Structures are given as structure tokens and as C-alpha cells.
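# Chains, contacts and geometry: an overview
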Amino acid sequence: MDHSQHTPPPHHETPAPQRFGALSSVRDIMSTVGLLLLAPIAAIVFTAFVFQFYRVDGPSMQETLHNNDRLIVYKLPKTIAHLTKNLYIPKRGDIIVFTRHEDEGDGQPQDRQLIKRVIGLPGDRVIVKDNKVTVINTEHPDGYNPDAGTKHERSTIPTTGNLDITIPSGEVFV
């Protein structure tokens, strides 16, 4: 046997996929343009109806939130309630973001977004007296402290003022 001549085995090439010229290039360009147009629209829709980003400004929610904390608020339940023309009432203990209309004294009202925790629901009676908050409702006819048993119970920030209010329908107390 002569080993000096070695013939390599036949090589079978797989044909490369064929592109269809200009038509394929147009499709590639259109899909890229479509993606570039849809991405910002999707971001706007998500921030308008599903999630929104906030930064905490101030110490009023300490021990739960601290100044300059960043939040992502999930607002889809409120969006669905709005679209179905139902009233959205958050649950007790939920942290919510709402707009407060303030007069800065210069005759120009200013809107501020506040972040607070819900402690009173429609129909609850909320009493603030002697630096204590008491919520009276059908579950607690003798009243209870919504902070009892939580890290808020030993808050260093006193609850000032005197208030005795029954929360109206469609509103919450924060």
C-alpha cells in the first residue's frame, strides 16, 4: 500500500441561505425602524399606566422610606379601575402617591406629589389626640392604633394636632 498519496474524503458543503437582495434589506431596515419607534411608545405607555418612578423628598415617611429613596410605584390597579369607571380605594397600610394642591402664598397654587401610608378607609372614624392616632371601625368598635405592633409605633415624630373625622366615601386618610 502506498501511503504517499492521500486523497481527502469528498467534502460536502451545505449551501448558504440565500437572501433575497433588496427585499430582505428593506425588511431589516423596517424592523429596525419599527423597533426604534415602538420602544419609546411602550416606555410612555408603561410609565403612564403601569409603573412610575419617584424620589422621596423629606423625612415624613421615616422609618419606612428615607429622604432620596427611589421608588417604583405599581399603578395598574388604579388604571384598570379608571378605565372601567370604578372607584379605586387602596388598602389600609398601602403606601400611595397623591397630588396635593398647595397655595405658596404668592397667589400661584402649586401641585406637590406626596407619598403617604393609608391608615383610614371610607367609613372609618379617625381620632388624633395627645400625639396618638386611633381608628374606629366595625372591626374595631373600641378603636385601635394603626401603628401598634409595627416599627411606626415608636416613631420619634409626634402626631400633632387634634382631629376627629369620619372618612367620607371615596376618600382615605393618610
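Residues numbered from 1 in each chain as written. Predicted model: local features only at pLDDT ≥ 70, side-chain atom pairs only at ≥ 80, totals over all residues. Heavy atoms only, no water.

### Some details on the sheet that holds strand β6 (residues 132-136)
Rules: The pairing criterion is simple: DSSP has to find at least two bridges between the two strands. Each helix is a run of DSSP H or I of at least 4 residues and each strand a run of E of at least 2, with the numbering of both proceeding from the N terminus. Axis definition: a line fitted to C-alpha atoms, over the contacting stretch in the case of helices. Angles run 0 to 180 degrees between N-to-C directions.
Spatial strand order, β6-β5-β7: 3 strands in an open sheet with antiparallel pairing. Only two strands of the sheet have a single partner each, and these edge strands are β6 and β7 (163-166). Averaged over all pairs of adjacent strands, the angle between their axes in this sheet comes to 10 degrees, without regard to strand direction. In this sheet, β7 lies alongside strand β5 (residues 125-129) in antiparallel orientation, the contact comprising 4 bridges. Bridging across to β7, Arg 125 finds its partner in Thr 166.

### Examining the side chain of Lys 75
For clarity, the cut-off: Burial classes follow relative accessibility: with a 1.4 Å probe on protein chains only, a residue under 20% of its type's maximum area counts as buried, one over 50% as exposed, and anything between as partly exposed. For the purpose of counting charges, residues Lys and Arg are taken to be positive, whereas Asp and Glu are taken to be negative. His and the chain ends are not included. Any carboxyl oxygen of Asp or Glu that lies within 4 Å of a side-chain nitrogen of Lys or Arg is treated as forming a salt bridge with it. Under the rule applied, a polar contact is a pair of N or O atoms within 3.5 Å (in protein, one hydrogen donor and one hydrogen acceptor; residues adjacent in sequence only if both atoms are side-chain atoms). Residue contacts follow a heavy-atom distance rule, with two residues in contact if any of their heavy atoms lie within 4.5 Å.
One can find Lys 75 in the loop between β2 (70-74) and α2 (76-83). The side chain of Lys 75 is buried and forms no salt bridge, while Asp 111, the nearest opposite charge, is found at 14 Å. Only 3.0 Å separates the side chain of Lys 75 from the backbone oxygen of Thr 47, close enough to count as a polar contact. When sequence neighbours within four positions are dropped, the list of residues in contact with Lys 75 reads Thr 47, Ala 48, Phe 49, Val 50, Phe 51 and Gln 52.

### Let's talk about the nonpolar core
The condition is simple: We define a nonpolar core as any set of buried Ala, Val, Leu, Ile, Met, Phe, Trp, Tyr and Cys residues linked to one another through side-chain atoms lying within 4.5 Å.
By size, the foremost hydrophobic cluster in this structure holds 8 residues: Ile 119, Val 126, Val 128, Val 133, Val 135, Tyr 144, Ile 167 and Phe 173. Sorting the residues of this core by element identifies β5 and β6 as the ones contributing at least two each. With residues up to four places along the chain from it excluded, the contact list for Val 126 reads Gly 120, Val 133, Thr 134, Val 135, Leu 163, Asp 164, Ile 165, Ile 167 and Phe 173. Membership of the second largest hydrophobic core comes to 6 residues, among which are Tyr 54, Leu 65, Leu 71 and Ile 115.

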